[in-house]
Amino acid sequence: MDYSQFLAMKQEIGLLVVFLLIFLFDTFSSRKSAKAVPALSVFLMGVLTLWGFCPLNSADASAFAGMYVTSPVMTAIKNILNVGVLIILVQSVKWANSEFVAIRRGEFYELVLLTLLGMYFMISSRHFLMFIIGLETASLPLCALVAFDKNRYESHEAAIKYVLTAVFSSAVLLMGLSFVYGLCGTLYYDGIAMMCRSQFGVMMAVALAFVMAGFGFKISLVPFHLWTADVYQGAPTPVTSYLSVISKGSAAFAFLVVLTQVFGSLYADAWEWMLYALIILTITIGNLFAMRQVNMKRFLAFSSISQAGYIMLAIIGDNPMGVSALMFYVLVYVFSNLAAFGVIGAIENATGKVDMTDYNGLYKTNPRLAFTMMLAMFSLAGIPPFAGFFSKFFVFTSALNGTGSVALYVLVLIALINTIISLYYYLLVVKAMFINDSDSPVATFRSACSERVGMWICVAGIIGLGIVSYFYDYLLTVVY
């Protein structure tokens with residue numbers, strides 16, 4: 001084997017170097033110097049994120065007989081995930097240095113970086129064996145992260161549900177891939193794509209249904225979403241934010257690649273109508289259940305389920321514009337959702353409160369936190385001129401681009417109606433903070449510097465992505 005092939009994996013090697021440096025520092029440092037692990041992790045992740053934008057990383061390359069590929073699009077996707085992970089690491093510094101987490105703070109950062117490495121492999125794989133390796137590399141450390149708060153019963157329950165769901169979804173996905181291999185005789189993406197048209201039949205449709213179900217569990221598409229709210233509520237807030245943004249975003253990118261590059265020839269025959277049903281169910285049920293939530297983490301869980309349906313709209317168009325729309329949507333979602341989780345984490349660390357009623361009168365005691373949460377809710381709801389409006393606009397445009405299908409127009413209409421419905425429950429949070437009175441509001445407190453920095457970055461992203469068109473133009477240029 002020619003070991004120079006590893007040089008094609010520049011971002012993976014960079015991430016592995018960051019992981020090893022943190023691991024070695026955490027292992028051999030004294031208890032006093034171990035307090036620097038969060039700061040070191042943030043610094044190294046910041047360097048890796050900046051290095052990811054280096055033009056050197058944007059060249060087309062492949063390795064291991066085409067099982068791994070990289071391109072400017074893959075690089076841009078990984079950079080988006082890096083930005084999200086960097087914000088999460090910044091926001092988690094105070095939590096990682098807290099009394100109950102400090103003894104194993106290094107494990108948190110190491111597990112996060114391992115899951116990110118697996119997501120890199122998922123995105124760059126062009127062979128399903130490589131994809132499964134990346135999927136399991138991402139999933140197994142996530143199980144440990146969900147159970148990280150071992151002193152809470154809810155964390156144990158969430159971990160068990162996540163483990164069982166991850167195992168079951170992987171089994172369903174592997175069942176579908178075994179059918180695909182039996183029909184096509186290969187696990188290479190391009191080889192399957194060549195065989196799909198000639199081998200299409202009932203068994204291929206069944207195999208595709210299994211594959212879509214396996215991805216549906218990872219992205220929390222309805223009816224594969226039942227684990228999401230309980231896991232989000234039970235996991236520590238930094239882990240919940242990681243699950244809702246990074247894990248979901250990487251799975252959406254991988255799903256896009258598999259559907260378009262592997263099963264693209266079956267678009268009209270099979271997966272178009274399957275995806276129609278998943279999108280309608282996901283957006284509608286996510287919205288309806290979000291209205292009923294009192295716990296803020298469960299509220300954002302069902303919000304993220306609904307958002308997953310909008311992300312899938314970018315895939316349904318099956319065109320290059322959809323790829324750039326999906327990338328831009330996930331980038332906006334990173335800033336919007338992490339802004340909300342930043343506020344939730346700051347309040348939880350200071351007071352332990354996580355219910356929506358606890359936010360009554362928040363503007364009077366903590367106006368900056370209320371303002372940040374308001375911007376996050378406006379962006380998630382798609383209210384102009386914030387970034388969420390443009391992300392939804394581009395997704396709808398890409399879905400309708402180059403097609404005259406009446407069914408697709410109906411699908412987009414249903415999504416638009418659900419956008420109006422979502423305004424109701426997002427504004428419930430704003431109403432609680434600015435209008436509702438409370439006899440015992442959250443006391444005035446000063447959040448940690450790291451928490452404030454994370455929220456400032458998110459606010460800048462929400463406003464900047466809504467005003468500056470360069471970011472979407474850049475992603476569109478990369479795709480084309």
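Visitor: Which residues make up the overall build of the protein, and what are the values?
Guide: What the protein contains, in helices and strands, is 20 helices and two strands. Computed over the C-alpha atoms, the radius of gyration of the protein is 22 Å, within 12% of the 23 Å expected from 2.2 N^0.38 for a compact globule of 480 residues. In terms of its C-alpha atoms, the protein occupies a principal-axis envelope of roughly 70 × 55 × 45 Å. A buried classification covers 60% of the 480 residues belonging to the protein. Excluding contacts between residues fewer than 6 apart, the proportion of contacts in the protein whose partners are at least 24 apart in sequence is 80%. Surface summary for the protein: the accessible area is close to 18300 Å², and the carbon and sulfur share equals 70%. Averaging the coordinates of the 25 positive side-chain charges in the protein and doing the same for the 23 negative ones gives two points 8 Å apart.

Visitor: Just give me the short version of the environment of T419, but keep the residues and values in it.
Guide: Its location among the elements puts T419 in helix α18 (residues 406-434). A relative accessible area of 12% means that T419 is categorised as buried. Sequence-wise, T419 and I383 are 36 residues apart; in three dimensions their C-alpha atoms are separated by 9.8 Å.

Visitor: Would you mind going over the pattern of salt bridges in detail, with residue names and values included?
Guide: Tallied over the entire structure, the rule returns five salt bridges. The residue D230 makes a salt bridge to R298 at a minimum N-O spacing of 2.8 Å. You can see D230 sitting in helix α10 (residues 228-234) and its partner R298 sitting in helix α13 (residues 296-316), a full 68 residues away along the chain.

Visitor: So what's going on with unusual backbone geometry? Which residues, and what values?
Guide: Apart from glycine, the bulk of residues carry a negative phi angle, and the bulk of peptide bonds sit in the trans form. Cis geometry is found at the peptide bond from V222 to P223, where omega equals 10°. Its identity is not glycine, yet S220 carries a phi of approximately 70°, on the positive side. By secondary structure assignment, the location of S220 is in the loop between α9 (202-219) and α10. The exposure class of S220 is buried, given its relative accessible area of 1%.

Visitor: Go over helix α17 (residues 387-400), please, and point to the residues and values.
Guide: Every α-helical turn comprises 3.6 residues, leaving residues that sit three or four positions apart pointing alike. If you check α17, its first and last C-alpha atoms are 20 Å apart, about what 14 residues at 1.5 Å a residue would give, namely 20 Å. Of all the residues in α17, the buried ones are A387, G388, S391, K392, F394, V395, F396, S398 and A399.

Visitor: Please provide a residue-by-residue account of the nonpolar core, values included.
Guide: For soluble globular proteins, nonpolar side chains are generally found buried alongside one another. In this structure, F263, L275 and M377 are the most contacted members of the largest nonpolar core, which totals 178 residues. It is helix α14 (residues 320-351) that contributes the most residues to this core, 20 residues altogether. Non-local contacts of F263, meaning those with residues more than four positions away in its chain, are made with V180, I192, C196, M204, L208, V211, V258 and W271.

Visitor: Describe the packing of aromatic side chains, naming the residues involved and giving the relevant values.
Guide: Enumeration over the complete set of coordinates arrives at 26 aromatic pairs. On the basis of an interplanar angle of 45° and a centroid distance of 5.7 Å, the ring pair of W95 and F148 is categorised as tilted. Taken as a pair, W95 in helix α4 (residues 93-96) and F148 in the loop between α6 (128-146) and α7 (153-184) lie far apart in primary sequence, 53 residues in all. Relative to F255, the ring of F215 lies with its centre 4.9 Å away and its plane at 20°, an arrangement referred to as stacked.

Visitor: Could you give me a rundown of helix α11 (residues 237-262), with the residues and numbers involved?
Guide: Here α11 contains 26 residues, and its C-alpha end-to-end distance of 36 Å stays within 8% of the 38 Å for a straight helix at 1.5 Å per residue. Roughly 35° is the biggest bend found in α11, and it falls at L243. Summarising burial for α11: 24 of the 26 residues are buried, a large majority.

Visitor: Give a detailed account of the side chain of S170, specifying residues and quantitative values.
Guide: Within the secondary structure, S170 is located in helix α7. With near-sequence residues (within four places) excluded, S170 lies in contact with L135, E136 and K218.

Visitor: I'd love a proper account of the packing of helix α1 (residues 10-28) against helix α2 (residues 37-52), names of residues and values included.
Guide: Close contact between α1 and α2 brings their axes to 10 Å; oriented N to C, the two are set at 170°. The orientation of α1 with respect to α2, classified from their angle, is roughly antiparallel. From α1, K10, Q11, G14, L15, V18, L21, I22, F25 and D26 reach across to α2, where they touch V37, L40, S41, L44, L48, W51 and G52. The class makeup of the residues in the contact of α1 with α2 is ten nonpolar, four polar and two charged.

Visitor: Mind laying out the packing of α14 against α17, listing which residues take part and the relevant values?
Guide: The contact between α14 and α17 brings their axes to 9 Å, and the two run at 160°. Relative to α17, the element α14 lies roughly antiparallel. In this structure, α14 crosses over α17, and the sense of that crossing is left-handed. Residues M321, G322, A325, F328, Y329 and V332 of α14 lie in contact with α17, whose contacting residues are A387, G388, F390, S391, K392, F394, V395, T397 and S398. A per-class count over the contact of α14 with α17 returns nine nonpolar, five polar and one charged.

Visitor: Residues and numbers for a nonpolar patch on the surface, please.
Guide: A contiguous nonpolar surface patch, about 500 Å² in accessible area, is contributed by L16, L20, F23, L24 and F28. Mapped onto the secondary structure, L24 falls in helix α1.

Visitor: Could you give me a rundown of the side chain of S422, with the residues and numbers involved?
Guide: Locating S422 in the fold gives a position in helix α18. Looking at S422, the relative accessible area reads 3%, which means it is buried. Ignoring sequence-local partners within four residues, the contact set of S422 consists of N287 and A381.

Calculation criteria
- Residues numbered from 1 in each chain as written.
- Predicted model: local features only at pLDDT ≥ 70, side-chain atom pairs only at ≥ 80, totals over all residues.
- Heavy atoms only, no water.
- Helix = DSSP H or I, 4+ residues; strand = E, 2+ residues; numbered from the N terminus.
- Rg over C-alpha atoms; globule rule 2.2 N^0.38 Å.
- Buried < 20%, exposed > 50% of the residue type's maximum accessible area, 1.4 Å probe, protein only.
- Contact = heavy atoms within 4.5 Å.
- Areas by Shrake-Rupley, 256 points an atom, 1.4 Å probe, with all protein chains shown as cover.
- Lys, Arg positive; Asp, Glu negative; His and termini not counted.
- Charge placed at Lys NZ, Arg CZ, Asp CG, Glu CD.
- Salt bridge = Lys/Arg side-chain N within 4 Å of Asp/Glu carboxyl O.
- Expected span 1.5 Å × (residues − 1).
- Core = buried A, V, L, I, M, F, W, Y, C linked by side-chain atoms within 4.5 Å.
- Phe/Tyr/Trp six-rings, centres within 6.5 Å; stacked < 30°, edge-to-face > 60°.
- Bend = angle between axes of the 7 residues up to and from the residue.
- Axes fitted to C-alpha atoms, helices over the stretch in contact; angles between N-to-C directions.
- Parallel < 35°, antiparallel > 145°, perpendicular 65-115°, else oblique.
- Nonpolar A, V, L, I, M, F, W, Y, C, P; charged D, E, K, R; others polar.
- Left-handed = near helix turned anticlockwise from the far one by under 90°.
- Patch = residues over 30% accessible without salt bridge, like charges linked within 9 Å, V, L, I, M, F, W, Y side chains within 5 Å.

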